[in-house]
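Each chain, letter by letter, is given below.
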Amino acid sequence: MGKTADLTTVQKMTIDTLKKEGKTQKVIAKEVGCSQSSVSKHINREAKGRKRCGRKECTSKRDKRALERIVNQNRFKNVGEIHKEWTVAGVSASRSTTHRRMQDMGFSCHIPRVKPLLNKRQRQKRLAWAQDKKDWTAAEWSKVMFSDESKFCISFGNQGPRVWRKTGEAQNPRCLKSSVKFPQSVMVWGAMSSAAVGPLCFLRSRVNAAVYQEVLEHFMLPAADQLYGGDDFIFQHDLAPAHSAKSTSTWFKDHGIPLLDWPANSPDLNPIENLWGIVKQKMRDARPNNAEELKATIKATWALITPEECKRLVDSMPRRIAAAIQAKGAATKY
C-alpha cells in the first residue's frame, strides 16, 4: 500500500487522530496497517491543504447510503451480489468501485465468529455455573483436565461464508454464524491441561457409552498419568449422551475420578475448543490425500503444541467466566 489514494476513509481518520496524539509515523503505520510512506504522504497532504487530484467520484452521498443499507440487510453477501443490488437501485458503478466504497465505509471481509445457540434455561444455568466458578484461581483451573472430540476434514480450503463487518462489530448478531456440527472425515478425541496435551484417539465408530468408556480406559487414564502423575485432578467433558450416560457416571465413580460440573452447549467456555482451532490453523496449508495422511498430519501438528500455549488457554478461564457473567449467560465467541 504505497499510495495515499489507497488509504480508506477510516484509515485516514485514524492517522489524523494518532498524529494529534503525538505518535510517530512508524507507530502510526503499524497501528493503521499501511506503509510508513503512505502515512507520510497523507500527513504532508493535509499539512499543505492539498486535495486529492483526479476525476470526481461517480457516486453521491445518497448512493453510499443506499449501499450501506444493502450491506446491512445481509452481511453474508459477496461483492458481486452487493454490486448487483446496488446497480438495480439505479447506481452506475463498477464492481471494483462497489468494493472500494464498502472499504471507505469501514467494511472488511472476515470469516464469521461462531456462537452456539442457547435457550433461556441454558443461559440461566450457564450464568449460575459462571457465578459459582468466578472465584476459581488459575491454580485451581490447572487441576482440570479438559477434553473434547473434534472433526477434521481432508480439505481445509473451504472456510464457509464470509461476512462484512466494521471494526468493533465482531459480536454483532448480524455478523455471527451459529455453530452446527456436520460429520467430517476423521473424528478425534483429545485432552489437555495447563501443562501439556495428552495422547490423541481417532474414533472409528459412532461414540456411544461403551465406545467412550474404552477411550477413557485406554487414552484418558494414560493422559492423566502423563499430565498429573499421582496428583489429584478433575475431569471435564461436555453433556453429550455418551458422556452423561449412567454407565459412564458409574465408570468414573469406580475409578474415583471427580467430574467438573459443566453447563450444556458451552463450547465457548472450553479452552480445548480453541486448541482445536490452533491445530486446524496450523494445518491450513496441509493437503492430505486420504484419511491416513490426514491422521498423520493431525498427530504431527498436535505434537507441536507447546506447554506455553496450553497454559495460556487454561489461564483464560477466569476471563471466559467473567464474559459469561457479563453476557448474563449468553454465549460468547470462541
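Residues numbered from 1 in each chain as written. Predicted model: local features only at pLDDT ≥ 70, side-chain atom pairs only at ≥ 80, totals over all residues. Heavy atoms only, no water.

### Remarks on the environment of Gly277
Definition in use: Strands here mean DSSP runs of E at least two residues long; helices mean DSSP runs of H or I at least four residues long; both are numbered from the N terminus.
Turning to its location among the elements, Gly277 is positioned in helix 12 (residues 271-282). The spacing of Gly277 and Ser150 is 127 residues in sequence and 9.7 Å in space, taken between C-alpha atoms.

### Comments concerning helix 1 (residues 9-20)
The line we're drawing: Expected helix span is given by 1.5 Å per residue-to-residue step, counting one fewer step than there are residues. With a 1.4 Å probe rolled over the protein chains alone, any residue whose accessible area is under 20% of its type maximum counts as buried; one over 50% counts as exposed, and the rest are partly exposed. The arc in question is traced by the directions running from the helix axis to the C-beta atoms.
An ideal rise of 1.5 Å per residue puts 16 Å on 12 residues; helix 1 measures up with 17 Å between its terminal C-alpha atoms. Taken as a whole, helix 1 has its buried residues at Gln11, Ile15 and Leu18. All buried residues of helix 1 lie within an arc of 70° about the axis, which places them on one face of the element. Exposed residues on helix 1 whose side chains face more than 90 degrees from its buried face are Met13 and Lys20. Downstream of helix 1 by one or two residues, Gly22 has phi in the positive range, about 90°.

### Topic: the confidence of the model for the chain
Quick reminder of the rule: Each residue gets a pLDDT score, which is the predictor's confidence in that residue and runs from 0 to 100. Residues count as neighbours in contact if any of their non-hydrogen atoms are within 4.5 Å of one another.
In this model, the chain carries an average pLDDT of 87, and 90% of its residues clear a pLDDT of 70 or more. The element-level mean pLDDT for the chain is lowest in strand 5 (residues 177-178), coming to 58, with strand 8 (residues 234-236) highest at 98. Taken together, the stretch residues 179-184 has pLDDT below 50 and engages in 9 contacts with residues farther than four places along the chain or on a different chain.

### As for the pattern of salt bridges
Convention followed: Whenever a carboxyl oxygen of Asp or Glu lies within 4 Å of a side-chain nitrogen of Lys or Arg, that contact is scored as a salt bridge.
Applying the stated criterion across every chain yields a total of 11 salt bridges. The partner of Asp132 in a salt bridge is Lys133, with the nearest N and O atoms 3.0 Å apart. For Asp132, a relative accessible area of 51% translates into the label exposed. Given a relative accessible area of 2%, Lys133 falls into the buried group. Close ionic contact of Glu309 with Lys282 constitutes a salt bridge, the shortest N to O distance being 3.4 Å. Here Glu309, found in helix 14 (residues 307-314), pairs with Lys282, found in helix 12; they are 27 residues apart in sequence, far enough to count as distant. Judged by its relative accessible area of 16%, Glu309 is buried. Here Lys282 falls in the partly exposed class, since its relative accessible area comes to 41%.

### Comments concerning the packing of helix 4 (residues 61-73) against helix 5 (residues 79-88)
Rule in force here: Think of each axis as a best-fit line through the C-alpha atoms, taken over the contacting stretch in the case of a helix, with angles from 0 to 180 degrees between the N-to-C directions. We call two directions roughly parallel when the angle between them is under 35 degrees, roughly antiparallel when it is over 145, roughly perpendicular when it lies between 65 and 115, and oblique otherwise. Each crossing gets its hand from how the near helix is turned against the far one by less than a right angle, where anticlockwise is left-handed and clockwise is right-handed. Three classes are used, and their members are as follows: Ala, Val, Leu, Ile, Met, Phe, Trp, Tyr, Cys and Pro are nonpolar, Asp, Glu, Lys and Arg are charged, and the others, Gly among them, are polar.
Orientation of helix 4 relative to helix 5, taken along the N-to-C sense of each, is 135°, at an axis distance of 10 Å. With respect to their mutual orientation, helix 4 and helix 5 come out oblique. Helix 4 and helix 5 meet at a crossing whose hand is right-handed. Only Ile82, Glu85 and Trp86 of helix 5 make contact with helix 4, whose side of the interface consists of Asp63, Lys64, Ala66, Leu67, Ile70, Val71 and Gln73. For the contact of helix 4 with helix 5, a count of residues per class yields 6 nonpolar, 1 polar and 3 charged.

### Considerations on helix 5
Test applied: Two N or O atoms count as a polar contact when they lie within 3.5 Å, although within protein this holds only if one can serve as hydrogen donor and the other as acceptor, and sequence-adjacent residues are included solely when both atoms are side-chain atoms.
Buried residues of helix 5: Val79, Ile82, His83 and Trp86, and no others. Buried residues of helix 5, viewed axially, fall in a sector of 100°; they line one side. Seen from the buried face of helix 5, the exposed residues on the opposite side, beyond 90 degrees, are Lys84 and Val88. Buried residues along helix 5 sit in contact with helix 4, helix 6 (95-104) and strand 4 (163-165). N-cap assignment for helix 5: the residue whose side-chain oxygen lies 3.1 Å from the backbone N of Gly80 is Asn78.

### A short note on a positive patch on the surface
Rules: The patches described consist of residues with a relative accessible area above 30% and no salt bridge, like charges being joined within 9 Å and nonpolar side chains (Val, Leu, Ile, Met, Phe, Trp, Tyr) within 5 Å. All accessible-area figures derive from a Shrake-Rupley calculation using a 1.4 Å probe, and residue coverage is judged against the displayed protein chains alone. All tallies of charge rest on Lys and Arg as positive and Asp and Glu as negative; His and the ends of each chain are not included. Throughout, a charge is located at the NZ atom of Lys, the CZ atom of Arg, the CG atom of Asp or the CD atom of Glu.
Side chains of Lys61, Arg62, Arg65 and Arg69 sit close together on the surface and give a patch of like positive charge. Turning to its location among the elements, Arg69 is positioned in helix 4.

### Concerning the sheet that holds strand 6 (residues 186-192)
Test applied: Two strands qualify as a pair provided DSSP detects at least 2 bridges between them.
The strand order across the open sheet built from 4 strands is 7-6-3-8, with neighbouring strands paired in mixed fashion. Strands at the two margins of the open sheet, each flanked by one partner only, are strand 7 (201-203) and strand 8. Pairwise comparison of adjacent strand axes, ignoring direction, gives a mean angle of 25° for this sheet. One ladder, built from 3 bridges, connects strand 6 with strand 7; its direction is antiparallel. Each bridged residue has a counterpart across the sheet, and for Trp189 the counterpart in strand 7 is Cys201. The strands touched by helix 12 are strand 3 (144-152) and strand 6; relative to strand 3, the strand with the most contacts, the crossing angle is about 45°.

### What about the side chain of Thr59?
Inspection of the secondary structure assignment puts Thr59 in the loop between helix 3 (36-48) and helix 4. Under the relative-accessibility criterion, Thr59 is labelled buried at 7%. Within the structure, the side chain of Thr59 is placed 2.8 Å from the side chain of Arg101, a separation counted as a polar contact. If sequence neighbours within four positions are ignored, Thr59 has contacts with Lys64, Trp86, Val91, Ala93 and Arg101.

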